[in-house]
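Observations on chain architecture
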Amino acid sequence: MDSRSVGVEEEFLLVEPETGRPKAVAGTVLQTAGPEAGTDLEGELQQQQLETNSRPCHSLEELHRELRRCRAAAATAAGRAGARVVALGTSPLPVEPQPLSTSRYERMAEVFGLTAHEQLTCGCHVHVGISDADEGVAVLDRAGPWLATLLALSANSPFWQGRDSEYASFRYQVWGRWPSSGPAGPFGTSRAYRETIEQMVGSGTLIDPGMVYFDARLSERYPTVEIRIADVCLRAEDTVLVAALARALVETEARTWREGKPASPARTELMRLAAWRASRSGLDDTLLHPVTGKPRRPPPWSACCSTTAGTRWPTPGTPASSLRC
């Protein structure tokens, strides 16, 4: 593809302005959203969260403007319901999640019990355009070892129910309780991918194909690869960085496929370990190298980049606009 589109879905907490406690008003927010929200806002599993959907973009500058527009629309709509939107992967304060009143979410709560009832997490899903399903599956088969890096870069959920989880991304740990979450092994062909999804749904364990929660998958709604591993980022600039890296990863792996180079995917077990490691420490400690699978500490930040605040390894949340490489 000459210029791959990129779009982003961001999930946010709805909170009380005075206390920061999650507020169960998603239904009201969606009902009272003004025309400026358009189709950019959607509900999620719980009443205490809201999702924004950007339009497809072809430049990072355009995506940055679009994300800011979507975040502003969400903030305006939440304000009408007496709430604010907060870009955190989990709630720092205790909360009793309440499922959104839809038949699908109510069914999920019934089938999955405490896993669904406690599932108040906010992620960032990057959609990158593909030419067809064959190209998309070729990307999935090659990109897996690199996804944990995106989790480490985006980690933004250290607190859970009023406690320090001691994880950089505890959202990923909570999300891992779904039976279909995490890394996926190689598929080989788009037909094998479709058959795998059909078998998973046919097992009766999942409600529908939308519950195939791989770290990266083919979108059910769009002609895209959907990379789902990242936490929602505090700043829109950081989301742009994650999206830029995701698009570059898709383009790189699609190009190797078009050149006829065979995939050499990592073992699923190793990818799971890499994601756990990224979830645990973010950028602050040892990660697993995407190629070798061996533990490796991030290099000194001065070796590759610097920020406007000085030379250092950036913590999660450092705005992409402050980086000079």
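Structure: see above.
All values derive from a computational prediction rather than experimental measurement. Position numbers for residues count from 1 along each chain, tracking the sequence in the order it is written. For this predicted model, a pLDDT threshold of at least 70 governs which residues receive local features, and a threshold of 80 or more governs which side-chain atom pairs are given and counted, while totals over whole chains, interfaces and linings are taken from all residues. With hydrogens and water excluded, all non-hydrogen atoms of the structure serve as input to the side-chain values.

1. Some words on the packing of helix H6 (residues 147-154) against helix H10 (residues 268-281)
- Geometry is summarised by axes, namely lines fitted to C-alpha atoms with helices restricted to the contacting stretch, and by angles between N-to-C directions that run from 0 to 180 degrees. A run of H or I in DSSP becomes a helix once it reaches four residues, and a run of E becomes a strand once it reaches two; helices and strands are each numbered from the N terminus. In contact at an axis separation of 8 Å, H6 and H10 are set at 10° when each is read in the N-to-C sense. Comparing the axis directions of H6 and H10 gives the class roughly parallel. Residues Ala148, Leu151 and Ala152 of H6 lie in contact with H10, whose contacting residues are Ala274, Ala275, Ala278 and Ser279.
- Charged residues are taken to be Asp, Glu, Lys and Arg, nonpolar residues to be Ala, Val, Leu, Ile, Met, Phe, Trp, Tyr, Cys and Pro, and polar residues to be all remaining types, Gly included. Here the contact of H6 with H10 is built from residues that sort into 6 nonpolar, 1 polar and no charged. An angle below 35 degrees is treated as roughly parallel, one above 145 as roughly antiparallel, one from 65 to 115 as roughly perpendicular, and anything else as oblique. Contact criterion: two residues are considered in contact whenever any of their non-hydrogen atoms come within 4.5 Å of each other.

2. What about the packing of aromatic side chains?
- Stacked, edge-to-face and tilted labels apply to pairs of Phe, Tyr and Trp rings (six-membered ring for Trp) whose centres lie within 6.5 Å, assigned for plane angles under 30 degrees, over 60, and everything in between, in that order. Within this structure, the stated rule accounts for 9 aromatic pairs.
- Consider the rings of Trp160 and Phe170, whose centres lie 5.8 Å apart with planes at 55°: the pair is tilted. Here Trp160 is found in strand E6 (residues 159-160), whereas its partner Phe170 is found in helix H7 (residues 170-175), with 10 residues between them in sequence.
- Pairwise contacts between aromatic rings join Phe112, Trp175, Trp178 and Tyr213 into one cluster.
- Above the plane of the ring of Tyr167 lies Arg280, whose end atom (NZ or CZ) is 5.2 Å from the centre. A ring is considered to have a charge above it if a Lys NZ or an Arg CZ atom is located within 6 Å of its centre and within 35 degrees of its normal.

3. Quick word on empty space enclosed by the protein
- As defined here, a cavity is a set of points on a 1 Å grid over the protein atoms alone where a 1.4 Å probe fits but cannot get out. A pocket is an open set with protein on both sides within 12 Å along at least five of seven lines, and residues line them when an atom is within 4 Å of a point. Grid points are joined across faces, edges and corners, and a volume is the space filled by probe spheres set on the points. Under the counting rule described, the total for this entry stands at 4 cavities of 30 Å³ or more.
- If you add up the space inside the largest cavity, you get close to 100 Å³.
- Together, Leu140, Ala143, Gly144, Leu147, Gly182, Pro183, Ala184, Phe187, Phe214, Asp215 and Ala216 line the largest cavity.
- Looking at the lining of the largest cavity residue by residue, the classes come out as 8 nonpolar, 2 polar and 1 charged.
- The calculated volume of the second largest cavity comes to roughly 60 Å³.

4. Details of the layout of surface pockets
- Approximately 480 Å³ is the volume attributed to the second largest pocket.
- Where the lining of the second largest pocket is concerned, the elements lending two or more residues are strand E1 (6-15), strand E2 (41-43), strand E3 (49-53), helix H3 (103-112), strand E5 (123-129) and strand E9 (224-231).
- With 3 residues, the single largest contributor to the lining of the second largest pocket is H3.
- The residue inventory of the lining of the second largest pocket, partitioned by class, reads 7 nonpolar, 8 polar and 11 charged.

5. Remarks on the pairing of E1
- In terms of residue burial, E1 counts as a mostly covered element, since 10 of its 10 residues are buried.
- Looking at chain direction, E1 and E5 are connected through 5 bridges and run antiparallel. Looking at E5, one finds that Gly7 is bridged to His127.
- Here a strand pair is declared whenever DSSP counts at least two bridges between the two strands. For E1 and E3, the ladder comprises 5 bridges, and the chain directions are antiparallel. Remark: exposure states derive from per-residue accessible area (1.4 Å probe, protein chains only) relative to the maximum for the residue type, with buried under 20%, exposed over 50%, and partly exposed in between.

6. A short note on the nonpolar core
- In terms of nonpolar packing, the biggest core is built from 66 residues, with Met108, Val126, Trp178, Tyr193, Val225 and Ile227 touching the most fellow members.
- Broken down by element, this core gets its largest block of residues, 8 residues, from helix H9 (residues 236-258).
- In this structure, Trp178 is in contact with Leu45, Met108, Phe112, Thr115, Ala116, Gln119, Met211 and Tyr213, ignoring residues within four places of it in sequence.
- To define a nonpolar core, start from buried Ala, Val, Leu, Ile, Met, Phe, Trp, Tyr and Cys residues and group those joined through side-chain atoms within 4.5 Å. Counting 8 residues, the second largest nonpolar core, distinct from the first, contains Phe12, Ala87, Leu120 and Val232.

7. Quick word on H10
- End to end, H10 covers 20 Å across 14 residues, agreeing with the expected 20 Å (1.5 Å per residue, within 8%).
- Restricting attention to buried positions, one finds in H10 the residues Met271, Ala274, Ala275, Ala278, Ser279 and Ser281.
- Contacts from the buried residues of H10 go to H6, H7 and strand E10 (287-288).
- Within two residues after H10, Gly282 carries a phi angle of roughly 60°, on the positive side. Helix span is expected to be 1.5 Å times the residue number reduced by one.

8. Side note on unusual backbone geometry
- Positive phi, close to 50°, is recorded for Gln161, a residue that is not glycine.
- Along the polypeptide, Gln161 turns up in the loop between E6 and strand E7 (163-164).
- For Gln161, a relative accessible area of 27% corresponds to the partly exposed category.
- Positive phi values are uncommon outside glycine, yet Glu166 reaches one of about 70°.
- The residue Glu166 is located in the loop between E7 and H7 in this model.

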